[in-house]
Every structure is written in C-alpha cells, then in structure tokens.
Amino acid sequence: DGGITQSPKYLFRKEGQNVTLSCEQNLNHDAMYWYRQDPGQGLRLIYYSQIVNDFQKGDIAEGYSVSREKKESFPLTVTSAQKNPTAFYLCASSTRMTANSPLHFGNGTRLTVT
Amino acid sequence: EDKVVQSPLSLVVHEGDTVTLNCSYEVTNFRSLLWYKQEKKAPTFLFMLTSSGIEKKSGRLSSILDKKELFSILNITATQTGDSAIYLCAPQTGANNLFFGTGTRLTVIP
C-alpha cells in the first residue's frame, strides 16, 4: 500500500542535541512538506520541497534544516537553535505543488526535548 | 496578515445529531479551501472546495464555500461516535501553502 511513513513515533532528546525526523513516501509525489502542530494552534509550515534537491523555507523555518536528496525522502533536522522544539511534527506530500493536489499526511512524530 | 478562524472550538453532541462546523478566512491569493479530519495522528483529506455555492458531498458529510463572504461550512448529519475528531479547515494560497485553522474538536457521545 502506498503511503507516508514517519519514524519514530515518539522521540525524546536532551536540550542542546540535534535530532533528525524521518519521512518517506512511496506515492511518487513530487512535493513534500513538514508541519509542526502545537496545542491550540493550527499546523504551521516549516519547510517544503517541490522537487529533488530543492526546498524552501516555510513560516517557521528557524532552527530547522531539511534535505531532499531523493524523491521519496524528506528528513527534518531539529537543531539546538530551535528554541521550543517540543511538538508534534507532521510530514505530508502531494502530487505536485498546485491548488488541485491535496496533501496526504504521515502519522506524525511526537518530539519531547527536556 | 492571513487568518483562519474555526468555530466552535469544541462541540459535544449525541449520536444522530446534525452538526455544522464553521470556517472563516482572510488570506491573500486564495486558491481553494480544504477540510481535513484528524483523529489521532494523521489528518485525512475530506474535501477541496474551489468554487462558491457548489456543495460537495461524501456520505453523511457535506461542505460548501462562499468566496464572497469568505467562509465555508462542514455539515455532518446523523453523527456517529466514529465522527469524533478534530476537523481542520485550510485555505490554500497562491503560494501553494495551506494555512491551517486551529480546528474544531467534535465529540460524539453514544
């Protein structure tokens, strides 16, 4: 079955450590996205990528980095520069980045930094 | 500044009731509006609305968009406990970004 796989489901890290969240899709989608979800707030866009080897900052990119070396994979690194990293992170993909391509989401990774 | 307001924030109903969820928006370069259902983890796609006044239906769910008044509603008839979820509204802008609202948490009790 095609889908988006995020791993791990839960991640715990000490403050000051970088951590990388995995996102893999086998839907053959061109566009991939990372969102962050906090209680009482809507999903906020961190980074997105329309094609391999290209990515753009979203609304809250500070303290995060991404890479898109393969079409299927869009890992997100939460760096020590991110001031409030504890959150639920959702990866998504779409056929392409146009108005007629709904996003499909993975099951998310809940990151806790202490 | 782009803004999406969903109301109510939360709602508790009994099975069989009909509910209406509201979404008002102010975004630049509006392209379409999407509704998602989020149960425990991944939001799942429900509807994409691009034209005013055309109702989209899927089973007991339906949705309509008013581009003049800048709002959309999501209706659920004959609610079931499986409808309990957070319903997210997301206008899509010319930058091809989705701007999500905070969602309406619906709880359906038997």
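Just above sits the structure.
Predicted model, so just to flag it, every value in this text is computed and none were measured.

Chemist: A description of the overall build of chain B should follow, citing residues and the corresponding values.
Modeler: If you tally the helices and strands in chain B, you get zero helices and 10 strands. Each helix and strand of chain B, placed in order from N terminus to C terminus, yields the pattern β-β-β-β-β-β-β-β-β-β. Relative to its length of 110 residues, chain B is compact, with a C-alpha radius of gyration of 13 Å against a globular reference of 13 Å. Taken along its principal axes, the extent of the C-alpha atoms in chain B is 40 × 25 × 20 Å. Within chain B, buried positions represent 45% of all 110 residues. For chain B, the share of sequence-separated contacts (at least 6 apart) that also reach a separation of at least 24 residues comes to 55%. Between the centroid of the 11 positive side chains of chain B and the centroid of its 10 negative side chains there is a distance of 6 Å.

Chemist: Explain unusual backbone geometry to me, using residue names and the numbers behind them.
Modeler: Put simply, A:Ser7 and A:Pro8 share a cis peptide bond, and its omega is -10 degrees. Inspection of the secondary structure puts A:Pro8 in the loop between strand 1 (4-7) and strand 2 (10-13). In this structure, B:Pro8 follows B:Ser7 across a cis peptide bond, with omega equal to -10 degrees. Relative to the helices and strands, B:Pro8 is located in the loop between strand 1 (3-7) and strand 2 (10-14).

Chemist: Describe in detail the sheet that holds strand 6 (residues 56-58) of chain B, supporting the description with residues and values.
Modeler: Residue and element names in this part refer to chain B. Taken in spatial order, the five strands line up as 1-3-8-7-6 in an open sheet, and their pairing is antiparallel. Two strands in the sheet have a free side with no partner beyond their single neighbour: strand 1 and strand 6. Each strand axis lies, on average, 15 degrees off the axis of its neighbour in the sheet, ignoring direction. Relative to strand 8 (residues 71-76), strand 7 (residues 61-66) runs antiparallel, the two being bridged by six bridges. Considered in strand 8, the bridge of Leu 65 is made with Ser 72.

Chemist: Lay out the sheet that holds strand 9 (residues 85-93) of chain B in plain terms, naming residues and giving numbers.
Modeler: Residues and elements named next belong to chain B. Reading across from one edge, 2-10-9-4-5 is the order of the five strands in this open sheet, with mixed pairing throughout. Across the chains shown, the open sheet's two edge strands, defined by having one partner strand only, are strand 2 and strand 5 (43-49). Strand-to-strand, the axes of this sheet are offset by a mean angle of 25 degrees, without reference to chain direction. Across six bridges, strand 4 (residues 30-38) lies against strand 5 in antiparallel orientation. What sits directly across from Trp 35, in strand 5, is Phe 47.

Chemist: Go over the layout of surface pockets with me, naming the residues and quoting the values.
Modeler: What the largest pocket holds in volume is close to 420 Å³. For the lining of the largest pocket, the elements supplying multiple residues, two or more each, are strand 9 (87-94) and strand 11 (109-113) of chain A together with strand 9 of chain B. Residues belonging to the lining of the largest pocket are distributed by class as follows: seven nonpolar, eight polar and six charged.

Chemist: Describe in detail the pattern of salt bridges, supporting the description with residues and values.
Modeler: What the rule picks out here adds up to six salt bridges over all chains. Between B:Lys3 and B:Glu26 there is a salt bridge, and its shortest N-O distance comes to 3.8 Å. With a gap of 23 residues between them, B:Lys3 in strand 1 and B:Glu26 in strand 3 (residues 19-26) connect regions that are remote in the sequence. Overall, the relative accessible area of 43% leaves B:Lys3 in the partly exposed class. The network of salt bridges with common partners includes A:Arg36, A:Asp38 and A:Arg44.

What counts and what doesn't
Residues numbered from 1 in each chain as written. Chains lettered and ligands numbered in written order. Predicted model: local features only at pLDDT ≥ 70, side-chain atom pairs only at ≥ 80, totals over all residues. Heavy atoms only, no water. Helix = DSSP H or I, 4+ residues; strand = E, 2+ residues; numbered from the N terminus. Rg over C-alpha atoms; globule rule 2.2 N^0.38 Å. Buried < 20%, exposed > 50% of the residue type's maximum accessible area, 1.4 Å probe, protein only. Contact = heavy atoms within 4.5 Å. Lys, Arg positive; Asp, Glu negative; His and termini not counted. Charge placed at Lys NZ, Arg CZ, Asp CG, Glu CD. Pairing = 2+ DSSP bridges. Axes fitted to C-alpha atoms, helices over the stretch in contact; angles between N-to-C directions. 1 Å grid on protein atoms, 1.4 Å probe; cavity = no way out; pocket = protein on both sides within 12 Å on 5 of 7 lines; lining within 4 Å. Points joined across faces, edges and corners; volume = space filled by probe spheres on them. Nonpolar A, V, L, I, M, F, W, Y, C, P; charged D, E, K, R; others polar. Salt bridge = Lys/Arg side-chain N within 4 Å of Asp/Glu carboxyl O.

Keep in mind these values describe shape, not function.
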